[in-house]
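Each chain is listed here by its residues.
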Amino acid sequence: MTESGVRLDSRHRIVVLASGEGTNLQAIIDSCQSGAINGNVVAVVSNQPEIGAIRRAQRNDIATRVITKLAGESRQSFDARLAEAVSAYEPDWVVLAGFMRVLSDTFVARFASPNPQTPSRIINLHPAAPGELPGIHAIERAFAEAQTGSRVTSGVMVHFVDSEGVDCGPVIASVAVPILATDTLNDFTARIHHHEHEMLVSALQKICNQPLPSKVSSSVKEPMS
Ligand code: GAR
């Protein structure tokens, strides 16, 4: 930013929240580095220490922050601390890529969209079709249902998070993913992850092609210090 509040960097600032291995984080990092996404992952924030996502961030010189829930701490208090930590990186977009906590309105309200065409600045990835299998272990639950004959497809979706809820909100993209009779759980998981990586990157490509909320100028120079 310049003193007059004009933003110099035209690349969108992305903060990724993750609780696990971070393969989706890696897909975002790779696409930012190749220029396919007009953005940078400026920080990775987690509720879990020593996870793959944190190690991937560190290997790529991306700032990391771990916010763990204190004994007896309320959800509102935790979410307020989490929001404070995320805000410090001034994100344009907050991407939940395997973040395994339900975020209350205390968090969601902090990242409301300044743009009426975008419902929120929080984007969530979920390994199921819209409206199906909210919560944890959606891949395993879909596979288990397929073994009993009650399901032949599941899906992947990317959506905006505009209020408290579990894996629901305005859908950005979704795809049906078949569960083949010959699939092992590993086969099906790998197919889901393949679609997740593609869909999340493609959603962020579109989103980060939009103009930034604040005015961007490459001609304005920062004052020399
Ligand atoms: C992904 O499958 C993601 O869809 C899921 O966690 C996994 C994280 O994998 N998220 C949810 O289930 C949200 N309800 P990763 O750490 O390898 O990216």
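Note: the structure precedes this text.
It should be emphasised that the depicted structure is a prediction, and the values quoted were computed from it without experimental measurement.

(A) The arrangement of the overall build of the protein in detail. Regarding its fold elements, the protein presents six helices and seven strands. Reading the protein from its N end, one meets helices and strands in the order β-α-β-α-β-α-β-α-β-α-β-β-α. In terms of C-alpha radius of gyration, the protein reaches 18 Å, essentially the compact-globule figure of 17 Å for 225 residues. Principal-axis analysis of the C-alpha atoms gives the protein an extent of 65 × 40 × 35 Å. Buried positions account for 44% of the 225 residues belonging to the protein. Contacts in the protein between residues at least 24 apart in sequence constitute 68% of all its contacts with a sequence separation of at least 6. Accessible area of the protein: about 11,000 Å², with a carbon and sulfur share of 53%. Where the 19 positive side-chain charges of the protein centre and where its 23 negative ones centre are 4 Å apart.

(B) Molecular detail of the pairing of strand E4 (residues 93-96). What you see with E4 is no split at all: Trp93 and Val95 on one side and Val94 and Leu96 on the other are buried throughout. As paired strands, strand E1 (residues 12-17) and E4 are joined by four bridges and run parallel to one another. Bridge pairing links Val16 to Val95 in E4. Direction of pairing for E4 relative to strand E5 (residues 122-126): parallel, over a ladder of three bridges. The partner of Val95 across the bridge, within E5, is Ile123.

(C) Quick look at the site of the ligand. Around the ligand there are 14 residues in total, and Gly22, Thr23, Asn24, Asp167 and Glu196 lie nearest to it. Glu21 has a polar backbone atom sitting 3.3 Å from an oxygen atom of the ligand. One of the side-chain nitrogen or oxygen atoms of His126 is found 3.0 Å away from a nitrogen atom of the ligand. In the complex, 91% of the free accessible area of the ligand, which totals 450 Å², lies under the protein chains. Among the cavities detected, the one that contains the ligand is the largest pocket. Looking at the shell around the ligand, the elements that each hand over two or more residues are helix H1 (23-34), E5 and helix H6 (185-207). Split by residue class, the shell around the ligand holds three nonpolar, eight polar and three charged.

(D) Expanded view of the packing of aromatic side chains. Taken as a whole, this structure holds two aromatic pairs when the rule is applied. Relative to Phe111, the ring of Phe107 has its centre 5.0 Å away and its plane inclined at 45°; by these criteria the two rings are tilted. In this structure Phe111 comes out as buried when scored by relative accessible area, which is 1%. Ring centres 6.3 Å apart and planes at 25° place the aromatic pair Phe143 and Phe188 in the stacked group.

(E) The arrangement of the pattern of salt bridges in detail. Inspection of every chain in the model, using the stated rule, returns seven salt bridges. For the salt bridge of Arg75 with Glu164, the shortest nitrogen-to-oxygen distance reads 2.7 Å. Note that Arg75 is positioned in helix H3 (residues 75-87) and Glu164 in the loop between strand E6 (153-160) and strand E7 (171-178), a separation of 89 residues in sequence. Residue class for Glu164 comes out partly exposed when judged on its relative accessible area of 35%. Of the charged contacts, one joins Arg110 and Glu84 as a salt bridge, the two residues approaching to 3.1 Å between their closest N and O atoms. Pair noted here: Arg110 is in the loop between helix H4 (105-108) and E5 and Glu84 is in helix H3, with a separation of 26 residues, a long-range link. When salt bridges with common partners are traced through the structure, they connect Glu132, Glu145 and Arg151 into a single cluster.

Calculation criteria
- Residues numbered from 1 in each chain as written.
- Predicted model: local features only at pLDDT ≥ 70, side-chain atom pairs only at ≥ 80, totals over all residues.
- Heavy atoms only, no water.
- Helix = DSSP H or I, 4+ residues; strand = E, 2+ residues; numbered from the N terminus.
- Rg over C-alpha atoms; globule rule 2.2 N^0.38 Å.
- Buried < 20%, exposed > 50% of the residue type's maximum accessible area, 1.4 Å probe, protein only.
- Contact = heavy atoms within 4.5 Å.
- Areas by Shrake-Rupley, 256 points an atom, 1.4 Å probe, with all protein chains shown as cover.
- Lys, Arg positive; Asp, Glu negative; His and termini not counted.
- Charge placed at Lys NZ, Arg CZ, Asp CG, Glu CD.
- Pairing = 2+ DSSP bridges.
- Near = heavy atom within 4 Å.
- Polar contact = N/O pair within 3.5 Å; in protein donor to acceptor, adjacent residues only side chain to side chain.
- 1 Å grid on protein atoms, 1.4 Å probe; cavity = no way out; pocket = protein on both sides within 12 Å on 5 of 7 lines; lining within 4 Å.
- Sits in = over half its atoms within 2 Å of the grid points.
- Nonpolar A, V, L, I, M, F, W, Y, C, P; charged D, E, K, R; others polar.
- Phe/Tyr/Trp six-rings, centres within 6.5 Å; stacked < 30°, edge-to-face > 60°.
- Salt bridge = Lys/Arg side-chain N within 4 Å of Asp/Glu carboxyl O.

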